[in-house]
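Single-letter residue listing:
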Amino acid sequence: MLEAEARALNPGFLKRMEHGLPFVRVKLAMSLDGRTAMASGESQWITGPAARSAVQRLRARSSVVLTSAQSVLADNARMTVRADELGLTPTAPPWRWPAHRCACSSTGACACR
């Protein structure tokens, strides 16, 4: 009777149970010229307050936030949910996972950049 509403409440669980795959959201911000930073490498906010608020709401519903280690270092990224700024009830924060570029062999030896 309320199947659509019920399914909207837990897309991650349903994706895992029905397809054996994780539910993944991808967030990417870029300017109209397709860039994510200035030519100098300096990063600036290129989205407005409404978009940043939407990202925080998505982050609040996520289990993990994955970004590159380079982004964390360059932007001093907090990778947290700012519940107080959104008027949300604070919940357990998502895991924060800065990823490194690594190649691993079948023997378990890894080389990272």
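Residues numbered from 1 in each chain as written. Predicted model: local features only at pLDDT ≥ 70, side-chain atom pairs only at ≥ 80, totals over all residues. Heavy atoms only, no water.

(A) Looking closely at the overall build of the protein chain. What the protein chain contains, in helices and strands, is five helices and four strands. For the protein chain, contacts bridging at least 24 residues in sequence account for 44% of all contacts bridging at least 6. Accessible area for the protein chain stands at about 9,500 Å²; split by element, carbon and sulfur atoms hold 58% of it. (Helix = DSSP H or I, 4+ residues; strand = E, 2+ residues; numbered from the N terminus. Contact = heavy atoms within 4.5 Å. Areas by Shrake-Rupley, 256 points an atom, 1.4 Å probe, with all protein chains shown as cover.)

(B) Quick peek at the pattern of salt bridges. Under the definition given, this model contains two salt bridges. Between Arg7 and Glu3 there is a salt bridge, with its nearest N and O atoms 4.0 Å apart. You can see Arg7 and its partner Glu3 sitting in helix H1 (residues 3-9), four residues apart, about one turn around the helix. Judged by its relative accessible area of 32%, Arg7 is partly exposed. One network of salt bridges, in which partners are shared, links Glu3, Arg7 and Glu18. (Salt bridge = Lys/Arg side-chain N within 4 Å of Asp/Glu carboxyl O. Buried < 20%, exposed > 50% of the residue type's maximum accessible area, 1.4 Å probe, protein only.)

None of the figures reported here should be taken as evidence of function without further support.
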